[in-house]
Amino acid sequence: MVSQMRVPIAAGNWKMNKTVKEASAFAEAFPGDASFGEVEVIICPPFTALVALANAWQQTPVKLGAQNMHWELKGAFTGEISPLMLSELGCEYVILGHSERRHIFGEKSEAIGKKVHTAFCQNLKPILCVGETIEERESGKTKETIKEQLLLGVELLESEQAKNLVIAYEPVWAIGTGKAATPEDALEVITFIREELKNKFGEEASELIRILYGGSVSPDNVYDFVNHPQIDGTLVGGASLDPTKFGKIVVQTEKAKT
Ligand code: PGA
């Protein structure tokens, strides 16, 4: 019952992959005009491919997301992208706090929290990523890490805004390694995340927040994650670059959730 209130998601994070030409070839091969049933399909390409994909998938249910943005709307921030610029291109979602942003580019949870808040104010829905490193997991600090990233990430939100939030639990050690978490491990952390969200925003809002798993998701393992009512979908890196594989992930998600 509860899961039916939350529309399942299959989201692709292309990271720094695909030129405009390559993105257009993907759009041609990906069945954007087919029905995805219940599943909300989101592709997050590099900024440079957003216009081409918005045009290619006009009149289709495929939604677009960005992979990052700044918390200010405009100004002297060389190299940054404003939420206004993303909305103008038809972006509906934005990934914030991805582990590569945190660990390679040094983004801090406080800054991510400002971005999450600005995104909502500009009608973009954030996909807030949280996840522990292998060192944190092995030293028993998984929940502590997740709690810190989560609570600072949502710190500035009201319950009404939080209802539209998407969280992606992505253990750092599972990203791009081919070693996905087990569905049981993912479930344990996702249950913890929902509990923390309930403490902060109350039961009604927390039951509406969609929580995804990410980290080496493939057509072969996706079903075992999304088959659980508490896991509302996946955020997919490598496998989302291939239209056939990503199409299978959407189909498996649809199958598990209906
Ligand atoms: P992966 O990446 O599916 O290639 O592990 C997931 C992500 O970083 O969002």
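Anyway, here's the lowdown on the structure attached to this text. What you see is a predicted model, and the numbers here were worked out from it, not measured in a lab.

## Quick word on the overall build of the protein chain
Inference 1: The number of helices and strands found in the protein chain is 12 helices and eight strands.
Inference 2: Relative to a compact globule of 258 residues, whose C-alpha radius of gyration would be 18 Å, the protein chain shows 17 Å and is just as compact.
Inference 3: Dimensions of the protein chain along its principal axes, counting C-alpha atoms only, are 45 × 45 × 35 Å.
Inference 4: In the protein chain, buried positions account for 52% of the 258 residues.

## Side note on the pattern of salt bridges
Charged atoms that come close allow side chains of opposite charge to pair.
Inference 1: Scanning the model with the defined rule gives 16 salt bridges in all.
Inference 2: Arg6 is the partner of Glu207 in a salt bridge, and the nearest nitrogen-oxygen pair spans 3.2 Å. Of this pair, Glu207 sits in helix α10 (residues 203-208) while Arg6 sits in the segment before β1 (9-13), and the two are 201 residues apart along the sequence. The two residues Glu207 and Arg6 agree in class, both being buried.
Inference 3: Its salt-bridge partner being Asp185, residue Arg137 comes within 4.0 Å of it at the nearest N-O pair.

## Description of the packing of helix α7 (residues 142-153) against helix α9 (residues 183-201)
Inference 1: Two elements in contact, α7 and α9, have axes separated by 11 Å at closest approach and are oriented at 45 degrees. By the angle between their axes, α7 is oblique relative to α9. Where α7 crosses over α9, the handedness of that crossing is right-handed. Contacts from Thr142, Lys143, Ile146, Lys147, Leu150 and Leu151 in α7 reach Glu188, Val189, Phe192, Ile193, Glu196, Leu197 and Lys200 in α9.
Inference 2: Looking at side-chain class alone, the contact of α7 with α9 contains seven nonpolar, one polar and five charged residues.

## Quick word on the nonpolar core
Inference 1: If you look at the biggest cluster of nonpolar residues, it comprises 63 residues, and the most contacted ones within it are Phe30, Leu53, Trp57, Ile167, Ile193, Tyr213 and Phe246.
Inference 2: The element that contributes the greatest number of residues to this core is α9, accounting for eight residues.
Inference 3: Core analysis: the next-biggest nonpolar cluster, separate from the first, contains 12 residues, Ala11, Tyr93, Val166 and Ala168 among them.

## Concerning the pairing of strand β4 (residues 91-96)
Inference 1: Counted residue by residue, β4 has five buried out of six residues, so it is predominantly covered.
Inference 2: In terms of strand pairing, β4 meets strand β5 (residues 125-130) through four bridges, oriented parallel. Within β5, the residue paired with Leu96 across the bridge is Leu128.

## Some thoughts on a negative patch on the surface
Inference 1: Residues Glu110, Glu144, Glu148 and Glu155 make up a contiguous surface patch of negative charge.
Inference 2: By the secondary structure assignment, Glu110 is in helix α5 (residues 109-121).

## Focus: the sheet that holds strand β2 (residues 40-44)
Inference 1: Spatially, eight strands are ordered β1-β2-β3-β4-β5-β6-β7-β8 in a closed barrel, and the strand pairing comes out parallel. Across the sheet, the mean angle from the axis of one strand to that of its neighbour is 25 degrees, orientation sign disregarded.
Inference 2: Across two bridges, the pairing between strand β7 (residues 210-214) and strand β8 (residues 233-236) is parallel. Opposite Tyr213, over in β8, you have Thr234 as the bridge partner.
Inference 3: Set on the sheet, α9 makes contact with β5, β6 (166-169) and β7; between it and β7 the angle comes to about 150 degrees.

## With respect to helix α1 (residues 20-29)
Helical geometry note: an α-helix holds 3.6 residues per turn, so side chains three or four residues apart project in the same direction.
Inference 1: If you check which residues of α1 are buried, you get Ala23, Phe26 and Ala27. End-on, the buried residues of α1 take up no more than an arc of 100 degrees, which puts them together on one face. Along α1, the residues that are exposed and aim more than 90 degrees away from the buried face are Lys21 and Glu28.
Inference 2: Tucked inside the fold, the buried residues of α1 contact β2, α2 (50-56) and α12 (243-257).

## A few points about the site of the ligand
Inference 1: Lining the immediate surroundings of the ligand are 13 residues, of which Lys15, His98, Glu170, Gly176 and Ser216 lie closest.
Inference 2: Between the ligand and the protein, one listed contact pairs an oxygen atom with a side-chain N or O atom of Lys15 at 2.7 Å.
Inference 3: For the ligand, the accessible surface in isolation is 280 Å², of which the surrounding protein chains cover 94%.
Inference 4: A class-by-class count of the residues in the shell around the ligand yields four nonpolar, seven polar and two charged.

Rules and cut-offs
Counting from 1, residues in each chain are numbered in the order their sequence is written. Residue-level local features of this predicted model are given only where pLDDT is at least 70; pairs of side-chain atoms are given and counted only at 80 or more, and the full residue set underlies all totals for whole chains, interfaces and linings. Where side-chain values are given, they derive from all heavy atoms of the structure, hydrogens and water being excluded. A run of H or I in DSSP becomes a helix once it reaches four residues, and a run of E becomes a strand once it reaches two; helices and strands are each numbered from the N terminus. Throughout, the radius of gyration refers to the C-alpha atoms, and the reference size of a globule is 2.2 Å times the residue count to the power 0.38. Each residue is placed in one exposure class: buried if its accessible area under a 1.4 Å probe, protein chains only, is under 20% of its type's maximum, exposed if it is over 50%, and partly exposed if it falls in between. By salt bridge we mean one thing: a side-chain nitrogen of Lys or Arg within 4 Å of a carboxyl oxygen of Asp or Glu. Axis geometry follows a simple rule: fit a line to the C-alpha atoms, using only the stretch in contact for helices, then measure angles between N-to-C directions, giving values from 0 to 180 degrees. Oblique is the label for every angle not falling under 35 degrees (roughly parallel), over 145 degrees (roughly antiparallel), or within 65 to 115 degrees (roughly perpendicular). Two helices crossing with the near one rotated counterclockwise from the far one by less than a right angle form a left-handed crossing, whereas a clockwise rotation gives a right-handed crossing. Contacts are assigned to residue pairs with any non-hydrogen atoms lying within 4.5 Å of each other. Under the scheme applied, nonpolar residues are Ala, Val, Leu, Ile, Met, Phe, Trp, Tyr, Cys and Pro; charged residues are Asp, Glu, Lys and Arg; polar residues are all the others, including Gly. For the purposes of this section, nonpolar cores are sets of buried Ala, Val, Leu, Ile, Met, Phe, Trp, Tyr and Cys residues that join through side-chain atoms within 4.5 Å. We call two strands paired when DSSP finds no fewer than two bridges between them. Within this analysis, patches are made of residues with over 30% relative accessible area and no salt bridge. Like charges are joined at 9 Å or less; nonpolar side chains (Val, Leu, Ile, Met, Phe, Trp, Tyr) at 5 Å or less. Accessible surface is estimated by sampling points in the Shrake-Rupley manner with a 1.4 Å probe; for residues, cover comes only from the protein chains shown. Charged residues are defined narrowly, with Lys and Arg counted positive, Asp and Glu counted negative, and His plus the chain ends left uncounted. Each charge is placed at NZ for Lys, CZ for Arg, CG for Asp and CD for Glu. The directions considered for the arc run from the helix axis to the C-beta atoms. Any residue with at least one heavy atom within 4 Å of a molecule or strand is counted as near it. Side-chain atoms alone can form a polar contact between residues adjacent in sequence; in general such a contact is a pair of N or O atoms within 3.5 Å, and within protein one must be able to donate a hydrogen while the other accepts it.

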